Amino acid sequence: MSSAGRPTLPGRDYHAPEIFELEREKIFFGEWFYAGRADRAPEPGDFLTVDVVGESILVVRGKDGELRGFYNVCRHRGSRICDPETRGHAKGAIKCPYHAWTYSYEGDLIGTPLVDPDEVDRSALSLWPVHVDVWQGFVFVHLGEPKADVRTSFERQNDRPLQYEPWRMDELRTVEQTVTELAANWKILIENYNECLHCPTVHPELVAVAPTFRKGLVFEEGRDDWGVSMEGAGYTATGTTTIPVMPGLTEQQANAMHGASIFPNMFIDLTGTVVIATRMQPRGPERTTIITDYLFRPEAIADPGFDPRETIEFSELVAHQDYVVCERVQQGVRSRAFTHGVYAEKDELPYAFNQTYLAARDRP
Ligand code: FES
Ligand SMILES: [Fe+2]
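Keep in mind the model is a prediction, meaning the values are calculated, not measured.

1. Observations regarding the side chain of R24
Considering the arrangement of structural elements, one finds R24 in helix 1 (residues 17–28). For R24, a relative accessible area of 16% translates into the label buried. Setting aside its immediate chain neighbours within four residues, R24 contacts F29, V53, G54 and E55.

Here it is, written out as structure tokens:
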């Protein structure tokens, strides 16, 4: 089916505050939101906080080893409990910094200094819970009522993330995290991620190691695993690397680049030696924070000769080339002249993303 000549989203969808408000309610509070890596909170009492488009969520590891999620809001007078967008360890209990009410790692109110237990009904004042699930070491939170767990919901994702389970991403460790503030709407990033018509112009270094991209294609002819063959297993300017290939991958998987855009706020890029996990944190209609984790095998990291710099530098080079054009698009689509743009035939994935987006945003 040809998608040539179809319109993009209208310009206002990329900058209007009322559209962003609708997206918060229907999409970011209505889907599993990627919140970070589970190994950021490995021990009971360890926590991380994540901003889900203006709602601060606290994710805490319980005594039973399970992660639980709560609104980061005290039940007494509403103070923010933990600092936003951080991680740490709650010693013994989670303590509110205002009047020192304390909550167990499971969210139960257990301490109210100077307030007798019969003054307030502690049992009715647990932290407000949110759903948490973990897939392959990635933590997701859901502020509504999920219809299915993360893994089941991924069966419906356009980009088939479940096919990347052989990478055993739960075993990988973060070596570096980069954070970039972008003056662009989150959808522009997803649309850019999903097409390669821009690759020859924007990514000369990338097309040198992955010739499929030179043709403007995101799929390689003759491959049904959606991989794009690389010069080697490394995600570097030369395609080579001294980092060993991950166990459990076929040769075809190892010598290729794979990527998934997981609706609504995650990208995973995979080669035979590295997994790059990217979290988008929409801050406003025209602002997005991009947080990227570089994940490697623990035994590769333990090798004294382990050097991920070439991989990280190459990836950041390509990513920043994308960020520059995404910000230029943001500037253009705000123009009153831009009613909408037009999709070419090779833009079928951005078009498909727009359909998924509209179905989610405009659902009753
Ligand atoms: S607002 Fe948290 S203890 Fe008072
Ligand atoms: Fe790109």
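The rest of the description comes next.
2. What about the state of the cysteines?
Following the criterion strictly, the structure yields one disulfide and no others. Shown here is the disulfide that connects C196 with C199, its sulfur atoms set 1.9 Å apart. The S-S bond linking C196 to C199 shows a torsion near -90°; that makes this disulfide left-handed. Of the two residues, C196 and C199, both sit in the buried class. Cysteine C82 remains unbridged, with the sulfur of C96 as its closest cysteine sulfur at 9.2 Å.

3. Brief notes about the sheet that holds strand 6 (residues 87–89)
Strand order in the open sheet formed by seven strands is 2-11-10-5-4-3-6, with antiparallel pairing between adjacent strands. Where the open sheet ends on each side, the last strands, each with one partner, are strand 2 (33–37) and strand 6. Strand-to-strand twist across the sheet, computed as the mean angle between neighbouring axes with direction ignored, equals 30°.

4. Some points on the domain arrangement of the protein
Parsing the protein into structural domains produces domain 1 (33–145) and domain 2 (160–361). Taking only C-alpha atoms into account, the centre of domain 1 sits 32 Å from that of domain 2. Across the boundary between the two partners, domain 1 contributes 16 residues, which contact 23 residues of domain 2. Together, the buried faces of domain 1 and domain 2 total about 1,600 Å²; carbon and sulfur atoms form 54% of this surface. Among the residues of domain 1 in contact with domain 2, Y34, W135 and Q136 are the three that bury the most area, contributing 39% of the side total. Along the contact surface separating domain 1 from domain 2 lie three salt bridges.

5. Re the sheet that holds strand 17 (residues 287–296)
Strands sit in the order 12-17-16-15-14-13 across an open sheet of six strands; the sheet is antiparallel. With partners counted over all chains shown, the strands left at the sheet margins are strand 12 (173–182) and strand 13 (228–229), one partner each.

6. Regarding the coordination of the iron ion (ligand 2)
Bound to the iron ion (ligand 2) on the protein side are H198 (NE2), H203 (NE2), D322 (OD) and D322 (OD), at distances that span 2.0 to 2.7 Å. One way to put it: the four donor atoms around the iron ion (ligand 2) meet at angles of 53 to 147°, and that makes the site irregular. Counting residues between consecutive donors of the iron ion (ligand 2) along the chain gives the motif H-x4-H-x118-D. Note that H203 is positioned in the loop between helix 4 (199–202) and helix 5 (204–209) and D322 in helix 9 (residues 309–333), a separation of 119 residues in sequence. By relative accessible area, H203 is classed as buried at 1%. Residue D322 is classed as buried on the basis of its relative accessible area, which comes to 15%.

About the thresholds
Residues numbered from 1 in each chain as written. Chains lettered and ligands numbered in written order. Predicted model: local features only at pLDDT ≥ 70, side-chain atom pairs only at ≥ 80, totals over all residues. Heavy atoms only, no water. Helix = DSSP H or I, 4+ residues; strand = E, 2+ residues; numbered from the N terminus. Buried < 20%, exposed > 50% of the residue type's maximum accessible area, 1.4 Å probe, protein only. Contact = heavy atoms within 4.5 Å. Disulfide = S-S within 2.5 Å. Pairing = 2+ DSSP bridges. Axes fitted to C-alpha atoms, helices over the stretch in contact; angles between N-to-C directions. Domains from an automatic or database assignment. Buried area = accessible area lost by both parts, 1.4 Å probe. Salt bridge = Lys/Arg side-chain N within 4 Å of Asp/Glu carboxyl O. Donors = N, O, S within 2.8 Å, 3.2 Å for Na, K, Ca; no water. Tetrahedral: all angles 85-135°; square planar, octahedral: opposite > 155°, others 65-115°.

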